Amino acid sequence: MRVVPAPSPSSPRAGRFRASSGLRDGSGGAGDHLKICAQGYTCCSQEMEERYSLQSKDDFISVVSEQCNNLQAIFASRYKKFDEFFKELLENAEKSLNDMFVKTYGRLYMQNSELFKDLFEELKRYYVVGNVNLEEMLNDFWARLLERMFRLVNSQYHFTDEYLECVSKYTEQLKPFGDVPRKLKLQVTRAFVAARTFAQGLAVARDVVSKVSVVNPTAQCTHALLKMIYCSHCQGLVTVKPCYNYCSNIMRGCLANQGDLDFEWNNFIDAMLMVAERLEGPFNIESVMDPIDVKISDAIMNMQENSVQVSQKVFQGCGPPKPLPAGRITRSLSESAFSARFRPYHPEERPTTAAGTSLDRLVTDVKEKLKQAKKFWSSLPSNVCNDERMAAGNGNEDDCWNGKGKSRYLFAVTGNGLANQGNNPEVQVDTSKPDIVILRQIMALRVMTSKMKNAYNGNDVDFFDISDENSGEGSGSGCEYQQCPSEFEYNATDHSGKNANDKANSASAHPGAQPYLLTIFCILFLVMQREWR
């Protein structure tokens with residue numbers, strides 16, 4: 001028999017394998033010294049088998065990482081682009097309002113500009129950190145604006161803080177700003193909830209893929225990988241690649257836990273696509289923020305035009321105010337002359353895009369990527385085997401390595417997921433011990449899916465800032481929101497470990513794993529319950 005050396009650095013099947021002086025060519029002989037590869041006539045030494053074992057593990061990790069890194073990079077780049085877009089959109093809207101109001105109202109606006117600055121600071125805080133009740137914040141803005149406006153249009157009177165507090169109580173009843181506050185509150189709340197939830201959904205997808213892509217093969221998986229990728233070399237079949245179905249069984253065994261992600265992952269993708277539709281339509285944050293200066297100015301003009309009626313009703317409800325002394329009345333009237341009329345900007349003066357793009361283009365691009373990412377985890381074993389370094393083509397069924405020789409692989413391919421690996425002919429998998437990292441990511445996806453559905457319906461969403469988490473997995477630094485990236489960690493209390501779309505998987509579910517799964521869920525719930533906010 002011809003002596004076959006280890007694969008050369010240029011061999012496509014060698015991956016990153018590098019022969020060293022310690023890996024000597026084995027001379028043909030009995031293979032009693034081998035632990036995994038066939039112990040018949042062989043050209044591999046025990047040291048070669050050990051090196052091949054390490055290399056097969058590295059090859060597997062490399063190919064899986066490549067598949068996952070591509071997906072992780074897609075979500076990371078889209079999250080970054082969306083985050084930049086939303087933040088710049090807010091900055092543009094604030095600048096546009098400031099420029100317009102300086103030209104329209106001049107010194108009166110500049111004397112009260114902190115009111116509008118606070119409005120945008122709170123909007124930014126909600127997007128970046130959360131923990132802001134948008135409805136209460138907007139109600140407070142209109143109440144404060146009413147107090148300022150009421151003073152301006154009644155500058156001949158002196159108003160105490162108690163009197164102004166009474167004035168603010170009539171905001172809802174008198175509607176001094178017309179219907180603008182109600183409409184704007186609805187539009188801003190829905191748009192910001194949808195925008196923030198969608199951006200954080202991209203961040204969750206990025207983080208889930210990043211954590212799940214770190215694979216650590218079990219001893220049984222490593223043995224199967226060695227047998228599949230390199231044991232053929234010991235029989236002189238260096239150029240013969242593993243059979244596709246043979247590879248599929250091994251990958252489904254080695255990636256059994258990743259397969260359990262698929263059900264919640266697909267639900268998450270569907271929820272993301274639902275929110276994307278909202279962003280393209282009624283919850284479009286760009287169409288809300290771009291004209292916000294016009295809407296607020298319309299509200300101010302409405303208050304100015306109805307100031308007499310509003311003042312009379314307030315005086316009836318809160319009592320007559322005290323007039324200012326004669327000298328102060330003249331000075332006050334001069335300082336608070338409020339005769340400016342709103343002049344809208346021409347279209348070319350208004351910012352039309354942020355971050356060099358538009359929301360429609362961003363959403364269209366992400367929707368395409370989301371659709372491509374569906375069923376990623378159930379397809380991962382097949383995608384790994386499609387790599388020419390790992391297996392022969394699906395049509396080359398007779399001239400391939402089946403684990404024993406160059407011949408057709410006869411076993412059926414098992415289903416995806418942990419519960420289906422009890423009958424895997426190639427990899428021994430403990431179906432009673434699900435991976436804790438995978439369970440946590442299933443929980444993260446389930447919680448984020450729930451948030452997405454709330455955002456789709458226009459309901460506010462509570463997030464957990466990663467800086468508040470104590471699980472040790474986060475990267476929060478407790479920094480102020482202006483310097484912090486929008487990173488969030490999510491937790492849930494239950495998970496679904498089956499793919500409802502795969503009838504074969506459901507039919508062969510392993511019943512012995514259920515008590516253990518229930519115990520895991522209960523323990524995780526008790527540990528994480530204190531982290532909920």
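Now for a description of the structure that goes with this document. This is a predicted model, so every value here is computed, not measured. (Residues numbered from 1 in each chain as written. Predicted model: local features only at pLDDT ≥ 70, side-chain atom pairs only at ≥ 80, totals over all residues. Heavy atoms only, no water.)

Inspection of the secondary structure puts Gln-258 in helix α11 (residues 256-259). The buried category is assigned to Gln-258, whose relative accessible area is 8%. In contact with Gln-258, other than residues within four places in its own chain, are Val-212, Val-215, Trp-377 and Ile-438. (Helix = DSSP H or I, 4+ residues; strand = E, 2+ residues; numbered from the N terminus. Buried < 20%, exposed > 50% of the residue type's maximum accessible area, 1.4 Å probe, protein only. Contact = heavy atoms within 4.5 Å.)

Glancing now at the packing of aromatic side chains. Counting across every chain of the model gives 24 aromatic pairs. Three or more aromatic residues link up through ring pairs in this structure, and these residues are Phe-101, Tyr-105, Tyr-109, Phe-116, Phe-141, Trp-142 and Phe-177. Between the NZ or CZ atom of Arg-196 and the centre of the ring of Tyr-126, over which it lies, the distance is 5.5 Å. One residue, Arg-206, lies across the ring of Tyr-79, its end atom 5.0 Å from the ring centre. (Phe/Tyr/Trp six-rings, centres within 6.5 Å; stacked < 30°, edge-to-face > 60°. Lys NZ or Arg CZ within 6 Å of the ring centre and 35° of its normal.)

This next bit is on the state of the cysteines. Considering all chains together, one arrives at six disulfides under this definition. Covalently, Cys-44 is tied to Cys-234 through a disulfide, its sulfur atoms 1.9 Å apart. Taking the sign of the S-S torsion, about -95° here, the bridge from Cys-44 to Cys-234 comes out left-handed. With Cys-44 in the loop between β2 (41-42) and α1 (46-105) and Cys-234 in helix α9 (residues 231-234), the pair connects residues that are 190 residues apart, well separated along the chain. Residue classification places Cys-234 among the buried positions, given a relative accessible area of 2%. There is a disulfide in this structure between Cys-221 and Cys-254, and the S-S distance comes to 2.0 Å. Handedness here is read from the sign of the S-S torsion; for Cys-221 and Cys-254, about 115°, the answer is right-handed. Of this pair, Cys-221 sits in helix α8 (residues 219-229) while Cys-254 is found in helix α10 (residues 244-254), placing the two residues 33 residues apart along the sequence. Using a relative accessible area of 16% as the deciding quantity, one classes Cys-254 as buried. (Disulfide = S-S within 2.5 Å.)

Attention now moves to the pattern of salt bridges. Between side chains of opposite charge, pairing is possible as soon as their charged atoms come close. Applying the stated rule across the entire model yields 17 salt bridges. Asp-365 is the partner of Arg-78 in a salt bridge, and the nearest nitrogen-oxygen pair spans 2.7 Å. Placement of the pair is Arg-78 in helix α1 and Asp-365 in helix α17 (residues 359-373), with a sequence separation of 287 residues. On the basis of relative accessible area, Asp-365 is assigned to the partly exposed category, the value being 26%. One salt bridge in this structure joins Glu-122 and Arg-125, with 3.9 Å as the shortest N-O distance. Of this pair, Glu-122 and Arg-125 both sit in helix α3 (residues 113-128), three residues apart, which is roughly one turn of that helix. Relative accessible area serves as the criterion here: at 28%, Glu-122 is assigned to the partly exposed category. On the basis of relative accessibility, which here comes to 30%, the residue Arg-125 falls in the partly exposed class. Taken together, the shared-partner salt bridges connect Glu-66, Asp-387 and Arg-389 into one network. (Salt bridge = Lys/Arg side-chain N within 4 Å of Asp/Glu carboxyl O.)

Now for the nonpolar core. Phe-116, Leu-123, Phe-198, Met-251, Trp-265, Met-289 and Ile-296 are the most contacted members of the largest nonpolar core, which has 134 residues in total. By residue number, the principal contributor to this core is α1, which donates 19 residues. If we ignore the near neighbours within four places in the chain, the residues touching Leu-123 are Leu-90, Leu-134, Met-137, Val-188, Phe-192 and Met-289. (Core = buried A, V, L, I, M, F, W, Y, C linked by side-chain atoms within 4.5 Å.)

One way to put it is that α1 packs onto α17 with a least axis distance of 11 Å and a crossing angle of 160°. Considering their axes alone, α1 and α17 lie roughly antiparallel with respect to each other. When you trace α1 past α17, the crossing you get is left-handed. Contact with α1, carried on its side by Leu-71, Ile-74, Phe-75, Arg-78, Lys-81, Phe-82, Phe-85 and Phe-86, involves Leu-359, Leu-362, Val-363, Asp-365, Val-366, Lys-369, Leu-370 and Ala-373 of α17 and no other residues of that element. In terms of residue class, the contact of α1 with α17 is made up of 12 nonpolar, no polar and four charged. (Axes fitted to C-alpha atoms, helices over the stretch in contact; angles between N-to-C directions. Parallel < 35°, antiparallel > 145°, perpendicular 65-115°, else oblique. Left-handed = near helix turned anticlockwise from the far one by under 90°. Nonpolar A, V, L, I, M, F, W, Y, C, P; charged D, E, K, R; others polar.)

Let us look at helix α15 (residues 307-318). Compared with the 16 Å implied by 1.5 Å per residue over 12 residues, the 16 Å span of α15 between its first and last C-alpha is a close match. Those residues of α15 lying buried are Ser-307, Val-310, Ser-311, Val-314, Phe-315 and Cys-318. Projection of α15 onto a plane perpendicular to its axis shows the buried side chains occupying an angular sector of 135°, all on one side. Across α15 from its buried face, at more than 90 degrees, point the exposed residues Val-308 and Gln-316. Contacts from the buried residues of α15 go to α4 (134-153), β3 (157-158), α5 (161-168), α6 (171-174) and α14 (292-305). Looking at the residues trailing α15, positive phi occurs at Gly-319, about 95°. (Expected span 1.5 Å × (residues − 1). Arc of directions from axis to C-beta.)

The next point concerns unusual backbone geometry. In this structure, Asn-131 takes a positive phi of about 55° despite not being glycine. Counting through the fold element by element, Asn-131 comes out in the loop between α3 and α4. Asn-131 sits in the exposed class, given a relative accessible area of 60%. The phi torsion at Lys-375 lies on the positive side, around 60°, for a residue other than glycine.

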